[in-house]
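These are the residues of each chain, in order.
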Amino acid sequence: MIGRHRHLIGLEGLSREEILQVLDLATSMKEVLSRPVKKVPSLRGKNVVNLFFETSTRTRSSFEIAAKVLSADALNWTAAQSSTTKGETLLDTAKNLEAMRPDVLVVRHSASGAPNFLARHVGCSVVSAGDGAHEHPSQGLLDCFTLRERFGSLEGRTVAIVGDISHSRVARSDLHSLPKLGAKVRLCGPPTMIPLGVERLGATVHHDLRTAVEGVDAVVMLRIQHERIGDPLIPNTREYSKFWGLNAKKAAEWLEPGAVILHPGPINRGVELSSDVADGPRSVILDQVQNGVAVRMAILYLLAGGAGEDRPEKVSA
Ligand code: CP
């Protein structure tokens with residue numbers, strides 16, 4: 001359980017304490033990953049199924065590695081190689097996999113609400129690995145973890161999230177978590193990519209990149225979610241990059257010396273982020289990826305019911 005929750009569908013319903021429970025446990029999990037032998041028996045005998053209806057590099061791999069480091073067995077299911085190509089429904093697919101007795105189903109789907117729907121129909125825990133433009137809770141948690149690791153605390157910090165906010169499940173999970181840890185959030189992008197009324201979630205809205213990023217502690221750069229956009233929302237990527245892309249010159253002139261750059265990946269280099277920033281000294285993008293394993297270990301451990309004596313910090317290498 002994460003606090004009161006048997007599933008992890010989003011961060012909107014998680015309290016500050018429940019978010020901190022995951023982050024604190026992830027700190028112990030990260031220590032396990034630094035050992036010469038990256039294996040603890042905490043989830044021995046448990047099964048994790050990765051049910052991915054959309055492509056993924058980071059999320060699927062890190063849930064798989066997280067399960068294996070904790071000694072759980074992990075099965076990777078992909079839509080293209082499944083009987084969904086013969087017309088099997090989402091629910092039938094999940095029910096059939098549930099019959100094989102997994103402890104956790106990790107679900108990515110293009111439809112917002114798909115993991116929530118499955119959580120109401122299966123007996124095991126369900127974790128959303130990103131659903132439509134709804135939420136990407138494990139990404140939100142790893143963003144919080146990475147920023148807390150860098151700054152010690154998020155209290156009083158300011159984070160700008162720049163790009164296609166409307167279609168970004170990462171932006172939504174960041175918005176539902178960063179303020180609970182004490183951070184202020186600024187949103188920035190073209191007017192067509194900022195949802196109306198988003199200020200009610202506690203963020204300020206900017207359309208000018210310089211105004212949005214001046215004085216902040218961190219900038220989360222997002223790619224344009226072309227797969228979720230029907231009609232074009234911007235004239236072209238060149239113009240987008242000119243106004244909302246971040247390059248080394250803008251970063252040097254507008255950002256505080258200690259400000260860091262995050263990106264959930266995949267990066268569209270030269271569009272939202274130039275390579276000299278993505279690979280430069282401010283970038284914590286690969287820290288995010290590394291921390292993603294530790295955070296997902298914590299999520300799996302809490303939901304699959306790891307026993308107290310098997311907590312990783314109590315298990316020697
Ligand atoms: N951040 C993220 O969700 O990346 P993937 O699509 O590669 O999993």
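Residues numbered from 1 in each chain as written. Predicted model: local features only at pLDDT ≥ 70, side-chain atom pairs only at ≥ 80, totals over all residues. Heavy atoms only, no water.

(A) Looking closely at the pattern of salt bridges. All told, the structure shown has 12 salt bridges when counted by the stated rule. For E155, the salt bridge identified is with R16, shortest N-O distance 3.7 Å. Residue E155 is located in the loop between α5 (137–151) and β5 (158–162), and its partner R16 is located in helix α1 (residues 16–33); the two are separated by 139 residues in the primary sequence. Given the relative accessible area of 32%, R16 is considered partly exposed. Between R148 and D24 there is a salt bridge, with its nearest N and O atoms 2.9 Å apart. Pair noted here: R148 is in helix α5 and D24 is in helix α1, with a separation of 124 residues, a long-range link. (Salt bridge = Lys/Arg side-chain N within 4 Å of Asp/Glu carboxyl O. Helix = DSSP H or I, 4+ residues; strand = E, 2+ residues; numbered from the N terminus. Buried < 20%, exposed > 50% of the residue type's maximum accessible area, 1.4 Å probe, protein only.)

(B) Just the site of the ligand, in detail. The immediate surroundings of the ligand are formed by S56, T57, R58, T59, R108, H136, Q139, P264 and G265. Here an oxygen atom of the ligand and a backbone polar atom of T57 are 2.7 Å apart. Between an oxygen atom of the ligand and a side-chain N or O atom of R108, the distance comes to 2.9 Å. According to the grid-proximity analysis, the pocket containing the ligand is the largest pocket. Taken together, the residues of the shell around the ligand break down into one nonpolar, six polar and two charged. Residue-level mapping places the shell around the ligand at the junction of two domains, with at least three residues from each of domain 1 (16–135 + 289–314) and domain 2 (137–287). (Near = heavy atom within 4 Å. Polar contact = N/O pair within 3.5 Å; in protein donor to acceptor, adjacent residues only side chain to side chain. 1 Å grid on protein atoms, 1.4 Å probe; cavity = no way out; pocket = protein on both sides within 12 Å on 5 of 7 lines; lining within 4 Å. Sits in = over half its atoms within 2 Å of the grid points. Nonpolar A, V, L, I, M, F, W, Y, C, P; charged D, E, K, R; others polar. Domains from an automatic or database assignment.)

(C) Inspection of the sheet that holds strand β8 (residues 218–221) at higher detail. In spatial order, the strands read β7-β6-β5-β8-β9; together these five strands make up an open sheet with parallel pairing. Of all strands in the sheet, those with a lone pairing partner are β7 (204–206) and β9 (260–262), marking the two edges. Averaged over all pairs of adjacent strands, the angle between strand axes in this sheet comes to 25°, irrespective of strand direction. Examined bridge by bridge, β5 and β8 share four bridges and lie parallel to one another. Of the residues in β8, the one forming a bridge with I161 is V220. Sitting on the sheet, α5 touches β5, β8 and β9, and the angle it makes with β9 is about 165°. (Pairing = 2+ DSSP bridges. Axes fitted to C-alpha atoms, helices over the stretch in contact; angles between N-to-C directions. Contact = heavy atoms within 4.5 Å.)

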